[in-house]
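Okay, here's what each chain looks like letter by letter:
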Amino acid sequence: MTEAQNFEASRQEKLHRLEQLGLDPWGQRFDGHMPLGEILRLPITHVEDQRPKVRAAGRVVARRKQGKIYFVDLWDWTIPTRVNKQGQERRALQVAISQKDVGETGWHIADNLDLGDLLGVDGSYGETRRGEPTIFAEKLTYLTKSLQPHPDKWGGMQDMEFRLRHRYLDLIYTPEVLERSLKRIKIVRRIRSYLEERGYVEVETPTLHAIAGGAAARPFTTHHNALDIDLYLRIALELHLKRLLVGGIEKVYEIGRVFRNEGISPKHNPEFTMLELYQAYGNYETMMELTEGMIVACIDALGGERILPYADRTIDFTPPFDRRTYPALFQQCVGTAIEDRAGVVAAVNVIGLTTHNIDHDVLVHKLFEIKVEPYLETLDRPVFVHDYPAGLCPLTKRKAGMPHIAERFELYVHGMELANAYTELNDPVTQEATFRQQLAGLPEEESMAKMDEDFVRALRHGMPPAGGLGIGIDRLVMLLTNTQTIRDVILFPLLRPEK
RNA sequence: GGAGGCGUAGCUCAGCGGUAGAGCAACGGACUUUUAAUCCGUAGGUCGUGGGUUCGAGCCCCACCGCCUUCACCA
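The structure displayed is predicted, hence computed values, not measured ones.

Enquirer: Could you give an account of the overall build of chain A, naming the residues involved and the relevant values?
Expert: Summing up its helical and strand segments, chain A has 14 helices and 21 strands in all. For chain A, the spread of C-alpha atoms along the principal axes amounts to about 90 × 55 × 50 Å. Within chain A, the proportion of its 499 residues that are buried is 49%. Restricting the contact set of chain A to residue pairs at least 6 apart, pairs at least 24 apart contribute 66%. The positive charge centre, built from 62 side chains, and the negative charge centre, built from 71, are 5 Å apart in chain A.

Written out as structure tokens, the structure is:
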């Protein structure tokens, strides 16, 4: 008999014992239970018959027996981490099950409990002699049997693979996982309320695209059988949202999943959540103001400081964020002006990269990535980097009187690109030309210039001048919750299937 | 895709050429306010998979699988 069978046999046997007693090991509707976190906030009385009556439900995470009394630790998702009067950290509320109080059936239930079972309790709430908050059980209700042994109550779950493949256990036994997930929900909720307060409306656009446009990324491909056409999973939300601008929806956003068929890393999951929004008659300055306000609102919604820890440093999100132009940063870190063609080529050659047949703006950006981004990583405040080389931004309007500069910014925090915004290009003639002109030196999948005839046709009907913004929600959550890997802000990150 | 590291009981981990170990969990027993309860007893393993070296392999070598880290690509 193997170990697993042994565990299961023991639990199966208890299950059958419950059934023989006429008890349902899989539970029934159990109305009106109070969250354990709320029970813990009830006032304590030391007069036994004045204790408040409570009904509770939760997961059995520890069990101690002392003669004719069991102590069972109950967990639910509202339990805070607290320090008890013995100075110990606790993440559960204990239930005292005394043989004289719960009757024969209750005692049978207590005898057949396993760690991981779900238990309903009716009783009174008070303290033991040692001052530990306790539900003194009067009636027990079996809510669900766990047939599978749960992780060690003290060692917890250490193995990353085990945690990811058993996220449901990770939520229970690794406190930060639930905490971060709830923070993510708060952040997303605050983004929605912030935008709704300002008159933006949320829409849903297609995930299946005939042309994967709006970003530079390799798409996933799929196939529709009835139409017999290949389709792509979207890599961006942009082109549909802009069609909605043409349609008169002046302030529009979508928070949605996008899919990029690229490598996986602590900062990259194949599917991730993007916020994109567009505002008619705005520009990238409008977006800068909005971005700053929205991020600060999210931080405030988490209820803490505006100076947040991240890894071994801190980030000071106190507004206003710093603003630096791309050309100025380039000059500072590379020592050359971005227009200085000879200087840029020389600087690239020094690094040992080829410059042959590669567009000037692409070279500039290679230098930016190598020289400027490391500098940005050293900053402990968010910084808006704005006014990008036009060649990098085929969907962006040029700065007035400066045809080589695009009205675009990226918000860098610790070197991470958190937000990306533009004054959107609404000139269909320029747009079509940009689509047709493949940037020299870039493979097709790296170029944002993918021809979408239908999109150009939409522009020809007149898209208002507009500001547009994109924010990677996962990375925002990482920064605001001090999380170093994207897999810990996504409940179910992609894993290779077992076996 | 490249380079490193890791994979031993349900969980957390020791063991690194010579009889497979501990804590928690489990099973049997004692104990009516415990606090990682304690005490007595019991059981639990194809050491990721497959080859090889060796008198002898969790341990050394090779391949494969999975995860982690890092680089490349990208957000």
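Enquirer: Can you lay out the domain arrangement of chain A for me, pointing to particular residues and giving the numbers?
Expert: By the assigned domains, chain A splits into domain 1 (3-150) and domain 2 (173-321 + 381-488). A straight line from the C-alpha centre of domain 1 to that of domain 2 covers 47 Å.

Enquirer: Could you give me a rundown of the environment of Arg234, with the residues and numbers involved?
Expert: Structurally, the position occupied by Arg234 is in the loop between strand 11 (229-233) and helix 7 (238-246). We classify Arg234 as buried; its relative accessible area is 4%. Here Arg234 is in contact with Thr205, Pro206, Thr207, His209, Glu254, Gly256, Arg257, Val258 and Phe259, once residues within four sequence places are set aside. Polar contacts involving the side chain of Arg234 include one to the main-chain carbonyl oxygen of Thr205, which spans 3.2 Å. Reaching out from Arg234, the side chain makes a polar contact with the backbone oxygen of Arg257 at a distance of 2.8 Å.

Enquirer: Describe in detail the pairing of strand 5 (residues 93-98), supporting the description with residues and values.
Expert: Every other side chain in a regular strand lies on the same face of the sheet, so the side chains alternate between the two faces. Among the six residues that make up strand 5, six are buried, leaving the element largely enclosed by the rest of the structure. The alternating pattern of strand 5 places Leu93, Val95 and Ile97 on one face and Gln94, Ala96 and Ser98 on the opposite face, and all of these are buried. Pairing analysis gives six bridges linking strand 2 (residues 69-75) to strand 5, with the strands arranged antiparallel. For Leu74, the partnering residue across the bridge sits in strand 5 and is Leu93.

Enquirer: Before we move on, could you go through the packing of helix 7 against helix 13 (residues 453-460) and cite the residues and values that matter?
Expert: Taken N-terminus to C-terminus, the directions of helix 7 and helix 13 make an angle of 25°; their axes are 9 Å apart at the nearest point. Accordingly, the angle class assigned to the pair helix 7 and helix 13 is roughly parallel. Here the hand of the crossing between helix 7 and helix 13 comes out left-handed. Contact residues: helix 7 offers Leu239, Lys242, Arg243 and Val246, while helix 13 offers Asp454, Phe455 and Ala458. Each residue belonging to the contact of helix 7 with helix 13 can be placed in one class, and the counts come to four nonpolar, no polar and three charged.

Enquirer: Tell me about a nonpolar patch on the surface, residues and numbers included.
Expert: On the surface, Val350, Ile351, Leu353 and Ile370 cluster together into a nonpolar patch covering about 330 Å² of accessible area. Structurally, Ile351 is set in helix 10 (residues 341-351).

Enquirer: Explain the side chain of Glu127 to me, and be specific about the residues and the numbers.
Expert: Structurally, Glu127 is set in strand 6 (residues 118-127). Separated by 3.0 Å, the side chains of Glu127 and Lys85 make a polar contact. The residues contacting Glu127, other than those within four sequence positions of it, are Ile44, His46, Arg51, Lys85, Glu132, Pro133 and Phe136.

Enquirer: Give me the lowdown on the sheet that holds strand 6, citing residues and values where you can.
Expert: Strand order in the closed barrel formed by five strands is 1-2-5-7-6, and the pairing between neighbours is mixed. Sheet twist, expressed as the average angle between the axes of neighbouring strands with direction ignored, equals 55°. When strand 6 meets strand 7 (residues 133-144), the two strands line up antiparallel, connected through 10 bridges. The residue bridging Val121 from the neighbouring strand is Leu140, located in strand 7. Where helix 3 (residues 99-111) meets the sheet, its contacts fall on strand 1 (53-66), strand 2, strand 5, strand 6 and strand 7, and the angle it forms with strand 7 comes to roughly 45°.

Enquirer: Could you give an account of helix 14 (residues 473-480), with specific residues and numbers?
Expert: With respect to burial, helix 14 is a largely interior element, eight of its eight residues being buried. Regarding helix 14, the residues found buried are Ile473, Asp474, Arg475, Leu476, Val477, Met478, Leu479 and Leu480. Positive backbone phi, at 55°, marks Asn482, one or two positions downstream of helix 14.

Enquirer: Lay out the pattern of salt bridges in plain terms, naming residues and giving numbers.
Expert: For the structure shown, the criterion picks out 36 salt bridges. Its salt-bridge partner being Asp73, residue Arg64 comes within 3.2 Å of it at the nearest N-O pair. Given the relative accessible area of 6%, Asp73 is considered buried. Notably, a salt bridge pairs Asp488 with Arg167, separated by 3.7 Å at the nearest N-O pair. Residue Asp488 is located in the segment after helix 14, and its partner Arg167 is located in helix 5 (residues 167-173); the two are separated by 321 residues in the primary sequence. Within the structure, one salt-bridge network assembled from shared partners comprises Arg64, Asp73, Arg82, Arg90 and Glu132.

Conventions adopted
Residues numbered from 1 in each chain as written. Chains lettered and ligands numbered in written order. Predicted model: local features only at pLDDT ≥ 70, side-chain atom pairs only at ≥ 80, totals over all residues. Heavy atoms only, no water. Helix = DSSP H or I, 4+ residues; strand = E, 2+ residues; numbered from the N terminus. Buried < 20%, exposed > 50% of the residue type's maximum accessible area, 1.4 Å probe, protein only. Contact = heavy atoms within 4.5 Å. Lys, Arg positive; Asp, Glu negative; His and termini not counted. Charge placed at Lys NZ, Arg CZ, Asp CG, Glu CD. Domains from an automatic or database assignment. Polar contact = N/O pair within 3.5 Å; in protein donor to acceptor, adjacent residues only side chain to side chain. Pairing = 2+ DSSP bridges. Axes fitted to C-alpha atoms, helices over the stretch in contact; angles between N-to-C directions. Parallel < 35°, antiparallel > 145°, perpendicular 65-115°, else oblique. Left-handed = near helix turned anticlockwise from the far one by under 90°. Nonpolar A, V, L, I, M, F, W, Y, C, P; charged D, E, K, R; others polar. Patch = residues over 30% accessible without salt bridge, like charges linked within 9 Å, V, L, I, M, F, W, Y side chains within 5 Å. Areas by Shrake-Rupley, 256 points an atom, 1.4 Å probe, with all protein chains shown as cover. Salt bridge = Lys/Arg side-chain N within 4 Å of Asp/Glu carboxyl O.

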